[in-house]
Amino acid sequence: MGKLHIGDMSEKFKAACEVPERSNNPLIKVKALAYQIVGRSDLDKAELFYHDFGLLTQEKTAHRLILRGVGSSACLVVVRKQKKNEILGFGLQAVNVADVDKVAKTHGVSMAPADYPGGGKMVALNGPDNVKIEVIAGQKEDNGIAPSAIGYEYNSPLLKGRVNKPLITKSQPADIYRIGHTAFSFKNVVSSIVWFQDNFGFIVSDFECAPGLTNPVMTFMRCDQGDIPSDHHSLGIPNVPFTGHVHTAFELKNFEEVGSSGAWLREQGYEHCWGIGRHTLCSAVFDYWRDPYGSQYEHYTDCDVFDNTVPAGYHGLHANAQHQWGSDMPSDMLELSWKRAPATLYEAVKRLAFDKNFDFSTLVKTLKAAGSKPTPQGHEKKTVVETV
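Because the structure is a prediction, the values reported are computed rather than measured. (Residues numbered from 1 in each chain as written. Predicted model: local features only at pLDDT ≥ 70, side-chain atom pairs only at ≥ 80, totals over all residues. Heavy atoms only, no water.)

Peer 1: Teacher, can you tell me more about the sheet that holds strand β16 (residues 285-290) here?
Peer 2: Sheets are built from strands paired through backbone hydrogen bonds, the pairs being either parallel or antiparallel. Judged by pairing direction, the sheet is mixed, and its ten strands sit side by side in the order β19-β10-β11-β13-β9-β14-β17-β16-β15-β20 without closing on themselves. The open sheet has two free edges, formed respectively by β19 (313-316) and β20 (323-325), since each of these has just one partner strand. Put simply, the sheet's adjacent strands are angled 25° from each other on average, direction ignored. The pairing of strand β15 (residues 271-279) with β20 spans two bridges and is antiparallel. Each bridged residue has a counterpart across the sheet, and for Arg 278 the counterpart in β20 is Trp 325. Contacting β10 (203-209), β11 (218-222) and β13 (235-238), helix α4 (residues 189-200) runs over the sheet at an angle of about 165° to β13. (Pairing = 2+ DSSP bridges. Helix = DSSP H or I, 4+ residues; strand = E, 2+ residues; numbered from the N terminus. Axes fitted to C-alpha atoms, helices over the stretch in contact; angles between N-to-C directions. Contact = heavy atoms within 4.5 Å.)

Written as structure tokens, this is what we have:
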């Protein structure tokens, strides 16, 4: 099966890249991202943001908050009460309990009943850089929750289905259907990608590369469900100066929902990062926001899905590589705004001084590629065809 590669897809990137596209013999193959794991000092403050973002409280105690969407999963975000505010990790959906047991035995840990809505069995691992990875299966799903949004009729140039009915939408929290993907930066990009490939069967959808580097600047990986299509990526791994959580994304029904929920978040005073726009790789319509603790969250809709026959794409990094349309990516998305630059600079200096996997040459080449302009595309002249 062929694939459309966007931008610089020179074979030189593929030849130079040291990262495999997939594992030849993964331990198991997970189905999807299951939930995010968060640590927060104030559960009430965290809950308010998640409600405004579009999630609903499924369970709340003095020590834990669990949130869901309108879809069939009753657990999309797990918030644990702790002193340090941080994104701890994420859960992965295994195909069955036998696969969870296989992970447990291979890693020398115990499989246990999942203490989450829906039950099931799970195993907890320390992934690269001690990011918390939980693998879960056997959860019972429910019928979901009736969405709050009303369906819309759109008047297209050729079909005017809405007659004598003005379309008036209101700003309101989104109806979140599912968790789509998360992105983490790790100290050793190659070994981290291989770890997720070997253990969970992730396959690369796309690499973004910079001239002169053997490691990709960005790697998008999807779940391998054979001939069943999976999201373009459930996991993103960038190779950037800072490490840790980058963002986590949740899927909405349509473009209208992205817009109306963004208006709601703006009215509540939350910090906007970037959007609305359409990504290049994955094609999704996106809108990024920050919670009160500075963590990035994304609303998205209309994302590409691929089965396991689609090969990895190799693309050149440039200033507009992340979006087809919309405003240019702001510095805040890269943690380089005036507000966040000091912390990012500290992380960069620390990595350059102590981390052999990210040196000054890597930083320079990445920044040079990120600031470069894409090869201009010619404008096709429109013509009118006369018919007799």
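Peer 1: I'm lost on the side chain of Ser 230 in this one. Help?
Peer 2: Looking at the secondary structure, you find Ser 230 in strand β12 (residues 230-231). Owing to a relative accessible area of 5%, Ser 230 belongs among the buried residues under this scheme. Engagement of the side chain of Ser 230 in a polar contact is seen with the backbone oxygen of Cys 223, the distance being 3.0 Å. For Ser 230, the contacting residues outside a window of four places in its chain are Cys 223, Gln 225, Asp 304, Val 305 and Phe 306. (Buried < 20%, exposed > 50% of the residue type's maximum accessible area, 1.4 Å probe, protein only. Polar contact = N/O pair within 3.5 Å; in protein donor to acceptor, adjacent residues only side chain to side chain.)

Peer 1: I would appreciate a short explanation of the pairing of β11 in the present structure.
Peer 2: Sheet faces and side chains relate simply in a regular strand, where the side chains alternate between the two faces. Within β11, five of the five residues are buried, which leaves it mostly tucked inside the rest of the structure. Residues of β11 alternate between two faces, with Met 218, Phe 220 and Arg 222 on one and Thr 219 and Met 221 on the opposite face, all of them buried. For β10 and β11, the ladder comprises five bridges, and the chain directions are antiparallel. Opposite Asp 206, over in β11, you have Phe 220 as the bridge partner. Two strands pair when backbone bridges link them, and β11 and β13 are joined in this way by four bridges, in the antiparallel orientation. Note that in β13 the partner of Thr 219 across the bridge is Ile 237.

Peer 1: Can you help me understand the pattern of salt bridges in this one?
Peer 2: When charged atoms on two side chains of opposite charge get close, those side chains can pair. Tallying each qualifying case throughout the model produces 14 salt bridges. Glu 86 is the salt-bridge partner of Lys 84, the closest N and O atoms lying 3.8 Å from each other. Here Lys 84 falls in the exposed class, since its relative accessible area comes to 54%. One salt bridge in this structure joins Lys 105 and Asp 101, with 3.1 Å as the shortest N-O distance. (Salt bridge = Lys/Arg side-chain N within 4 Å of Asp/Glu carboxyl O.)

Peer 1: In this structure, what is going on with the sheet that holds strand β6 (residues 112-113)? I would like to understand it.
Peer 2: Here eight strands make up an open sheet; going across it, the order is β2-β3-β4-β1-β5-β8-β7-β6 and the pairing mixed. The open sheet terminates on both sides in strands that have one partner only, identified here as β2 (56-60) and β6. In terms of strand pairing, strand β1 (residues 32-40) meets strand β5 (residues 86-93) through seven bridges, oriented antiparallel. For Gly 39, the partnering residue across the bridge sits in β5 and is Glu 86. Across the sheet, α4 touches β5, β7 (121-126) and β8 (132-137), and the angle it forms with β8 is around 20°.

Peer 1: When you look at helix α2 (residues 43-53) in this model, what are you seeing that I'm missing?
Peer 2: Since there are 3.6 residues in each turn of an α-helix, residues three or four apart along the chain are aligned in direction. Of the positions making up α2, those classed as buried are Leu 43, Ala 46, Glu 47, Phe 49, Tyr 50, Asp 52 and Phe 53. The N-terminus of α2 is capped by Asp 42, whose side-chain oxygen sits 3.0 Å from the backbone nitrogen of Asp 44. One or two positions beyond α2, positive phi appears at Gly 54, with a value near 125°.

Peer 1: Would you mind going over the environment of Trp 325 with me for this structure?
Peer 2: Considering the arrangement of structural elements, one finds Trp 325 in strand β20. Judged by relative accessible area, Trp 325 falls into the partly exposed class, the value being 37%. Separated by 48 residues in sequence, Trp 325 and Gly 277 have C-alpha atoms that sit 5.5 Å apart.

Peer 1: How should the confidence of the model for the protein chain be read in this particular structure?
Peer 2: In regions of low pLDDT, the predicted coordinates are not meant to be interpreted in detail. On average, residues of the protein chain score 89 in pLDDT, and 89% of them reach the 70 mark or higher. Predicted confidence is poor over residues 1-9, with pLDDT under 50, and the contacts of this stretch with residues over four places away or in other chains come to 21 contacts. (pLDDT = per-residue confidence, 0-100.)

Peer 1: How should I be thinking about the side chain of Asp 206 in this particular structure?
Peer 2: Looking at the element boundaries, Asp 206 is found in strand β10. On the basis of relative accessibility, which here comes to 2%, the residue Asp 206 falls in the buried class. A polar contact of 2.6 Å, which involves the side chain of Asp 206, links it to the side chain of His 315.

Peer 1: Any chance you could explain the pairing of β7 here in plain terms?
Peer 2: With two bridges connecting them, β6 and β7 associate as antiparallel partners. Residue Pro 113 lies in a different strand from β7, and its bridge partner there is Lys 121. Inspection of the sheet shows β7 paired to β8 by six bridges, in the antiparallel sense. Bridging from a neighbouring strand, Ala 124 pairs with Glu 134 of β8.

Peer 1: Sorry, what's going on with α4 here?
Peer 2: Taking 1.5 Å per residue, twelve residues should reach 16 Å; α4 reaches 16 Å between its end C-alpha atoms and fits that length. All of the buried residues in α4 are Val 189, Ser 192, Ile 193, Trp 195, Phe 196, Gln 197, Asn 199 and Phe 200. For α4, the N-terminal cap is Asn 188; the gap from its side-chain oxygen to the backbone nitrogen of Val 190 is 3.3 Å. Positive backbone phi, approximately 75°, marks Gly 201, located one or two places after α4. (Expected span 1.5 Å × (residues − 1).)

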